[in-house]
Number of protein chains: 6
Amino acid sequence: MLGGQYGEITVAMQYSFQAWNMHIPGKYRDLVFGIAAEEFGHVEMLAVMIAQLLEDAPVGIARQAVQDDHTVAAVVGGMDVQHAIVAGAGARPVDSRGNPWSGAYITASGNLLADFMSNANAEMQGRVQVARLYHMTDDPGIRDMLAFLLARDTMHQNQWLKAIEELKADGLEELPTPSNFPKKKEHTEVAYQYQNFSDGEHAGEGSWAGGPSVDGHGEHTYHDGPTTSAPMPPPTRPDARMYGTTDLPNRVEKIAGTVQDKLKRE
Amino acid sequence: MLGGQYGEITVAMQYSFQAWNMHIPGKYRDLVFGIAAEEFGHVEMLAVMIAQLLEDAPVGIARQAVQDDHTVAAVVGGMDVQHAIVAGAGARPVDSRGNPWSGAYITASGNLLADFMSNANAEMQGRVQVARLYHMTDDPGIRDMLAFLLARDTMHQNQWLKAIEELKADGLEELPTPSNFPKKKEHTEVAYQYQNFSDGEHAGEGSWAGGPSVDGHGEHTYHDGPTTSAPMPPPTRPDARMYGTTDLPNRVEKIAGTVQDKLKRE
Amino acid sequence: MLGGQYGEITVAMQYSFQAWNMHIPGKYRDLVFGIAAEEFGHVEMLAVMIAQLLEDAPVGIARQAVQDDHTVAAVVGGMDVQHAIVAGAGARPVDSRGNPWSGAYITASGNLLADFMSNANAEMQGRVQVARLYHMTDDPGIRDMLAFLLARDTMHQNQWLKAIEELKADGLEELPTPSNFPKKKEHTEVAYQYQNFSDGEHAGEGSWAGGPSVDGHGEHTYHDGPTTSAPMPPPTRPDARMYGTTDLPNRVEKIAGTVQDKLKRE
Amino acid sequence: MLGGQYGEITVAMQYSFQAWNMHIPGKYRDLVFGIAAEEFGHVEMLAVMIAQLLEDAPVGIARQAVQDDHTVAAVVGGMDVQHAIVAGAGARPVDSRGNPWSGAYITASGNLLADFMSNANAEMQGRVQVARLYHMTDDPGIRDMLAFLLARDTMHQNQWLKAIEELKADGLEELPTPSNFPKKKEHTEVAYQYQNFSDGEHAGEGSWAGGPSVDGHGEHTYHDGPTTSAPMPPPTRPDARMYGTTDLPNRVEKIAGTVQDKLKRE
Amino acid sequence: MLGGQYGEITVAMQYSFQAWNMHIPGKYRDLVFGIAAEEFGHVEMLAVMIAQLLEDAPVGIARQAVQDDHTVAAVVGGMDVQHAIVAGAGARPVDSRGNPWSGAYITASGNLLADFMSNANAEMQGRVQVARLYHMTDDPGIRDMLAFLLARDTMHQNQWLKAIEELKADGLEELPTPSNFPKKKEHTEVAYQYQNFSDGEHAGEGSWAGGPSVDGHGEHTYHDGPTTSAPMPPPTRPDARMYGTTDLPNRVEKIAGTVQDKLKRE
Amino acid sequence: MLGGQYGEITVAMQYSFQAWNMHIPGKYRDLVFGIAAEEFGHVEMLAVMIAQLLEDAPVGIARQAVQDDHTVAAVVGGMDVQHAIVAGAGARPVDSRGNPWSGAYITASGNLLADFMSNANAEMQGRVQVARLYHMTDDPGIRDMLAFLLARDTMHQNQWLKAIEELKADGLEELPTPSNFPKKKEHTEVAYQYQNFSDGEHAGEGSWAGGPSVDGHGEHTYHDGPTTSAPMPPPTRPDARMYGTTDLPNRVEKIAGTVQDKLKRE
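These lines cover the structure that appears in this document, whether it is placed above or below. Since the model is a prediction, treat every value here as computed from it, not as a measurement. (Residues numbered from 1 in each chain as written. Chains lettered and ligands numbered in written order. Predicted model: local features only at pLDDT ≥ 70, side-chain atom pairs only at ≥ 80, totals over all residues. Heavy atoms only, no water.)

1. Side note on helix α6 (residues 140-169) of chain A
Residues and elements named next belong to chain A. As a reminder, the rule being used: Put simply, DSSP H or I for four residues or longer makes a helix, DSSP E for two residues or longer makes a strand, and each gets a number counted from the N terminus. Take the number of residues in a helix, subtract one, and multiply by 1.5 Å to get its expected span. Throughout this description, buried means an accessible area under 20% of the type-specific maximum (1.4 Å probe, protein chains only), exposed means over 50%, and partly exposed covers the range between. Pairs of N or O atoms within 3.5 Å make up the polar contacts considered here, provided that, within protein, one atom can donate a hydrogen while the other can accept it, and that residues adjacent in sequence are counted only when both atoms are side-chain atoms.
For α6, which comprises 30 residues, the first-to-last C-alpha distance of 43 Å matches the rise-based estimate of 44 Å (1.5 Å per residue) to within 8%. In terms of burial, α6 is largely enclosed, as 23 of its 30 residues are buried. Of the residues that open α6, the one with a side-chain oxygen 2.8 Å from the backbone nitrogen of G141 is D139. Downstream of α6 by a residue or two, G171 has a phi angle that is positive, lying close to 75°.

2. Thoughts on the sheet that holds strand β1 (residues 193-196) of chain E
Strand pairing in a sheet is mediated by backbone hydrogen bonds. Such pairs are either parallel or antiparallel. For the record, the criterion: Pairing between two strands is assigned when DSSP locates at least 2 bridges connecting them. The contact criterion used is simple: two residues touch if any of their non-hydrogen atoms lie within 4.5 Å. In this analysis an axis means a line fitted to C-alpha atoms, helices contributing only their contacting stretch, and an angle means the value between N-to-C directions, from 0 to 180 degrees.
Spatially, the three strands line up as an open sheet ordered β1-β3-β2 (chain E), and their pairing is mixed. At either end of the open sheet lies a strand with only one pairing partner, and these are β1 and β2 (211-212) of chain E. For β2(E) and strand β3 (residues 219-224) of chain E, the ladder comprises two bridges, and the chain directions are antiparallel. From the neighbouring strand, E:P212 faces β3(E), where its bridge partner is E:E219. With respect to the sheet, helix α6 (residues 140-169) of chain F is in contact with β1, β2 and β3 of chain E, its orientation differing from that of β1(E) by roughly 90°.

3. Comments concerning the sheet that holds strand β2 (residues 211-212) of chain D
With mixed pairing, three strands are arranged side by side in an open sheet as β1-β3-β2 (chain D). Single-partner strands in this sheet number two, and they are β1 (193-196) and β2 of chain D. Sitting on the sheet, helix α6 (residues 140-169) of chain C touches β1, β2 and β3 (219-224) of chain D, and the angle it makes with β1(D) is about 90°.

4. Side note on the pattern of salt bridges
All names here are of chain B. Which entries qualify depends on this criterion: Take a side-chain nitrogen of Lys or Arg and a carboxyl oxygen of Asp or Glu: if they are within 4 Å of each other, that pair is a salt bridge.
Scanning all chains against the criterion turns up 42 salt bridges over all chains. For E38, the salt bridge identified is with R152, shortest N-O distance 2.7 Å. With E38 in helix α2 (residues 27-53) and R152 in helix α6 (residues 140-169), the pair connects residues that are 114 residues apart, well separated along the chain. Across the pair, R152 and E38 agree in class, each one buried.

5. Describing the interface of chain B and chain E
Spelled out, the test is: For any pair of parts, buried area is found by adding up, for both, the accessible area (1.4 Å probe) each one loses once the two are put together. Classification convention: Asp, Glu, Lys, Arg as charged; Ala, Val, Leu, Ile, Met, Phe, Trp, Tyr, Cys, Pro as nonpolar; all other residues, Gly among them, as polar.
Opposite the seven residues of chain B that make contact, chain E presents seven residues. For the pair chain B and chain E, the summed buried area comes to about 730 Å², and 59% of that belongs to carbon and sulfur atoms. When the buried area of chain B at its contact with chain E is split by residue, B:R132, B:H135 and B:Y243 rank highest and sum to 60% of it. On inspection of chain B and its partner chain E, the count reaches zero salt bridges. At the boundary of chain B with chain E, the tally comes to four residue pairs in polar contact (both at pLDDT 80 or more). Counted by class, the side of chain B that touches chain E contains three nonpolar, two polar and two charged residues.

6. A look at the relation of the copies chain B and chain E
Put simply, the two copies of the chain differ by a rotation about an axis and a shift along that axis. Put simply, the test is: Least squares is the method used to superpose the copies, on C-alpha atoms of residues holding a pLDDT of at least 70 in both.
Here chain B sits on chain E after a turn of 180° about the axis and a move of 0.0 Å along it, with an RMSD of 0.0 Å. Such a combination of turn and shift is consistent with a two-fold rotation axis. Scanning chain B for the C-alpha nearest the rotation axis identifies B:P100, at a separation of 7.5 Å. When you check the interface residues of chain B against chain E, 100% turn up at the interface there too, and the contact is symmetric in its surfaces.

7. Quick notes on the interface of chain D and chain C
Counting from both sides, the interface comprises 105 residues of chain D and, opposite them, 106 residues of chain C. Roughly 8500 Å² of surface becomes buried between chain D and chain C when both sides are summed, with 62% attributable to carbon and sulfur atoms. Of all residues in chain D, D:K162, D:W208 and D:M242 give up the largest surface area on contact with chain C, accounting jointly for 9% of the area buried on that side. At the surface where chain D touches chain C, the tally comes to two salt bridges. Our count for the chain D to chain C interface comes out at 49 residue pairs in polar contact (both at pLDDT 80 or more).

8. Details of the pairing of β3(D)
As defined by bridge partners, β1(D) adjoins β3(D) across four bridges and the pair is classed as parallel. Bridging from a neighbouring strand, D:Y194 pairs with D:Y222 of β3(D).

9. Details of the packing of helix α1 (residues 8-21) of chain B against helix α5 (residues 112-134) of chain B
All names here are of chain B. Rules: An angle below 35 degrees is treated as roughly parallel, one above 145 as roughly antiparallel, one from 65 to 115 as roughly perpendicular, and anything else as oblique. What makes a crossing left-handed is the near helix being turned counterclockwise from the far one by less than a right angle; a clockwise turn instead makes it right-handed.
Orientation of α1 relative to α5, taken along the N-to-C sense of each, is 165°, at an axis distance of 11 Å. Taken together, α1 and α5 sit at an angle that is classed as roughly antiparallel. α5 is crossed by α1, and the crossing has left-handed handedness. For the pair α1 and α5, the contacting residues are V11, Q14, Y15 and Q18 in the first and D115, F116, S118, N119, A122 and E123 in the second. For the contact of α1 with α5, the residue count by class is four nonpolar, four polar and two charged.

10. What to know about the packing of helix α1 (residues 8-20) of chain E against helix α2 (residues 27-53) of chain E
Residues and elements named next belong to chain E. Where α1 meets α2, the axes come as close as 8 Å, and the angle between the chain directions of the two elements is 155°. Relative to α2, the element α1 lies roughly antiparallel. Read as a crossing pair, α1 and α2 show a hand that is left-handed. Taken together, the residues of α2 that come into contact with α1 (itself represented by E8, I9, V11, A12, M13, Y15, S16, Q18, A19 and W20) are R29, V32, F33, I35, A36, E39, F40, H42, V43 and L46. A breakdown of the residues in the contact of α1 with α2 according to their chemical character gives 14 nonpolar, three polar and three charged.

11. Some words on the packing of aromatic side chains
The test is simple: Two rings belonging to Phe, Tyr or Trp (six-membered ring only in the last case) form a pair when the distance between their centres is within 6.5 Å. Interplanar angles under 30 degrees mark stacking, angles over 60 mark edge-to-face geometry, and anything in between is tilted.
Enumeration according to the criterion identifies 60 aromatic pairs over all chains in this entry. Taking 6.1 Å as the distance between ring centres and 80° as the angle between the ring planes, the aromatic pair formed by A:W101 and A:Y105 counts as edge-to-face. The exposure classification of A:W101 matches that of A:Y105, with both residues buried. Centroid distance C:Y28 to C:F116: 6.1 Å. Interplanar angle 40°. Geometry classified as tilted. Of this pair, C:Y28 sits in helix α2 (residues 27-53) while C:F116 is found in helix α5 (residues 112-134), placing the two residues 88 residues apart along the sequence. Each member of the pair, C:Y28 as well as C:F116, is classed as buried.

All we've got here are geometric facts, nothing functional implied.
Structure below.
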């Protein structure tokens, strides 16, 4: 919840990079800057709470059974023996398995509709995780903080979905994203076709296999199996000095580079 | 595009894990299994294309200027000198900077609305990347393949958004996600309130700062600044054997554990 | 076992990339494609089993003692509190310590003898791990699945070793690999010599210190200690703008680049 | 070659951990300790060579075309602009794409036959890479060092394969590994059967589809397709507090934990 | 302690790379080479101790309560179920959370004062960790080994700090590092000024907010808040084929590249 | 410089976690909070600069020679083809080789002297890197920004070293760190002894091999070689179900666990 894929560090950094990379001033940039700042506040809130919770973390020989508060600390901030050894009972930017937070978690493509969808996703995954965590403690103080975070995640889910609608209403972007790639340059004959690659029979029952598309540009159809197929590729013969196993005779020493090339072209 | 955060390996594995973890049979599971299979087909398509493109990759001393096809190979599959040395001119599960694909890229929470939102996001980011890549080559064969992938991404964006609507219509899940966490247990007073943490003045102009919420359960309001504040926390005094710097006298040797505890409690 | 260095995801992906990168059609490519497909089946088998096992995973406050089945789930798929929080009791592409699966685990060099050796190694490490795991449960259903996997690993060990023999018999590759690098270009005088760098006295008793070599091209000899030695390298003086600590006077400001160069050449 | 998956750091560390974990004294331990020491020597040799090569690495504004020696430096040690900025023209424990060396690269299972197979694989992949690298320079000094490393890799390939034979001859281990897992506990009916999961027709032509097995314990047979199949699993119903999407009514607030449990058991 | 950020592998490798990259022969290089060798000895000492401790690690079904010695093994070398499964009760190059050792942990910039400061830091963090660990066991043998390591860390802290003083006395480097960057080229007006960005009031009470600087080149002053400010940047308009969301009309298809450029320049 | 080991993200996060984990209020906490805030400002400054620099990044087919500004962008923020494809010409939290920023880069042990030493080290490495970078551009705007950062790094080096002196003067911590570990419990006879493990002869000439120690508690001495030695460890015999290679007869099937135990004890 602090340092995982959908933890507070991720959303704080993701919104920050989206803000720094944003091409247009105004309400969208202010929104992203503002929520980034709020999320850094949540990072601080969690980190300080973890440090407070761990004040009484055991360091001695006897390993007491894990108490309730510490379970939450463990889940929120990945506390375990390494928190004692490495951080002296402090918070660390890791997930609950000890994996350090990674810059690869964030998304900031510069395309606002795609990025706001990524944000909505992050707030959903985050709220699911906080809701699961809520039941792992009965400490009223911690539950109170989680209840606050759940409400903010409710706000943020709504807000990013609204911002997506507003981007469309403002004519800045639409579906499919990116909408200003020329549609006639894609293979339009398969752009709204459900191709069934599954053994299951039921995917054809969904609205994605018939009826108008969400983007308003097509009508879904259903097709059983792939529409294209490709023969197995012919043998490849990279330069002999790659030492791959090919169908060419195995005698590089005598023939050297140029003869090898000649053989290959024949 | 093959091995990056939103590459084909990611979506193939993400949909597979969602399918294996799915709690209900029927159209949703068949859908996820089916698209997972299609995406593994795309992984194969790209990998074989890369291996074909790299057949003529240089291995000798002279470093020729990078040609057009190889630029695409580089971007699609991260080709560079390591592809020659390590893979002998073959594809590798890495991104275009050489970062190996990571299991941390995928999302499969078991909550279908949240996961389908993650899928829609992945298809949007993926389509943005393919569209950017399209302009980096003028080889007709490669552009043809990219045009096919763009169309399938169009389909997949539409399909996941439709599946989200269908989940709501079927009464399986709704906003905010997870919807079956008791709403009265969250801090409802801040669940629809835009709190402005930004210096910018324009975030209040958005629809997220007023009007009915997307989830249909609230009305947005605008508040300038945080609604809560916390004093700086008091000194913490973890066990002296953590060797942290605290406000307690620095004399562990004489006082040992129990005396230290006594001091701490005072 | 699912997402570790030698887990099922590794072999499924390793064999897939070997197949996509293979330069020759026929029995070797079909073999690699076939076993890749079988291993993806094992990935699915394990993932679904984990999801079934975790159906009753605890989410509440009390931390029950870990039961037997869950121990196996933990080892097979790395289950722990993060499986509950992140995956809602589902499988994840991580190892039993929570490290995400990495594309750096796979090997596909394009040289088939080297790659099949890598495959034999993976099946050996894998079978050792399954055998160890077998004793951590007494659930008959799980033991039955492990007994099946053990038998398939037996088959796969034999098969890759046979394929290596067949590559030699077909004249496609031989030892030392790569065999078509001109032997006279390597330092032949140390190509079959055991050089003892260890304090231990017993390495000379092995067959690697005398007698004909496995590749049929040499006779092993024994030499105590290294055959080459190098004096400590002379001082290096990189460009002063690297700000390294060198034996040159420390006064870059006055002398600038060109004078510095002059000094260096003296 | 210095810091990659099969670079010198990997083999030096892999052999060291195998030595430290070895259960038996004598020739095998001395062998592994000895080669570990030799490989640390190669790490030093390469690192010093890189530092010497980079002495004249450019730091100024103009980006000169990459010269020959520097190409080799780049490949051997991953040199590029970060070597200048971070290491001031020194060696770094990274691969040629800048990925830092990882402890996940090494294998030391404690089962010597499996581990020696891993060692043979590492020496084969390593020799393939050095052979490819040989053609990327025409500097006589560097080629001389590579020719030396090629010869040592020849020795090491032979040596690990001989050590495997000796382990068998000494009765310490045999195929399939681990050989002391009771064979009757595995599913013997599929332990030597080639199961064809590929569309290709040619895998049945190999020696792995007929004839005696390499381990001497079975006779290979050929079977088209899988021998087992499993129905799609039934719905799973994890605890409602996981907030997964299940087929149970979505009304957790009223029913709480116990009623939910009751529903689930029905 | 074996494979973590400040474990023995880190210092052994850090000192080795510093030695290999060192530009000057003599006492500093011999020092770094010597301590590198000592630290490799510590790696071996710990690895062998872990392998000995784990000899009786449980492999069966029943999970016994973790005993004291094994707690230390766990902390020192990251032992847990994966040590049994993967390493068969042997040491592994991982930290106590199972994160593999990473080449990104080490520092070797070629600037000796900066690097010796990094070394002093590593020895301090390391000694703090060993001191914490000391209290987690009461096994006399292990405590004896830890007491030895604590003493060596005492030596190494003193030694690197002394070496820093000696570098200054020898005129090789001084503060601020790198000292041969021309001081007049930096913004000297803020080079010794404490700028207060914190809400807290007390930072101005420290010696860093007044009085002579440690490097002897300046006098500290105190300033409340930043000295520079920057307006929000203007809109950026990258190439339309980046598909970012910009303030330009969204009609790439008709206008193509050149017209787009024209628009942008206006 | 943005997302590397010693980049701005690292120091911003490192100082933040130190602040959140700090046990005492007042000048030290305000200092760490304040510099953390300043460093987040630097992150923003760099990210926005990169986004501005990349506005004209090429996306088309022709690969122009890399211009000067872009070189700096590349070094500062790791720009390359992936910045175009993934971020649409925006900043990303990666280093100049594309490695994502990692939570493993930061240090916050709770022991202030050790942590301030880590901070001084980070500012030194950072200033060395900025100084190197300064020479890679001649753009006056960028050089101006780098000159500002160099001055702040000068301040920060001085400040952390002063804070270390102040910690000692305030009696909060001293050398060796942690100072409140009982000195008599460490092996005092080797706590100030230089043990020479190097072939080089010159390490004995340094002040670390004689004279009073920096911590004021000892006198350095010189000893050639190690003071302790350990015999090779005896054979280990882990549980047979680990399937390691041991000196015990290889017949687990007949003897099972208990008999095996009996054998082992003999």
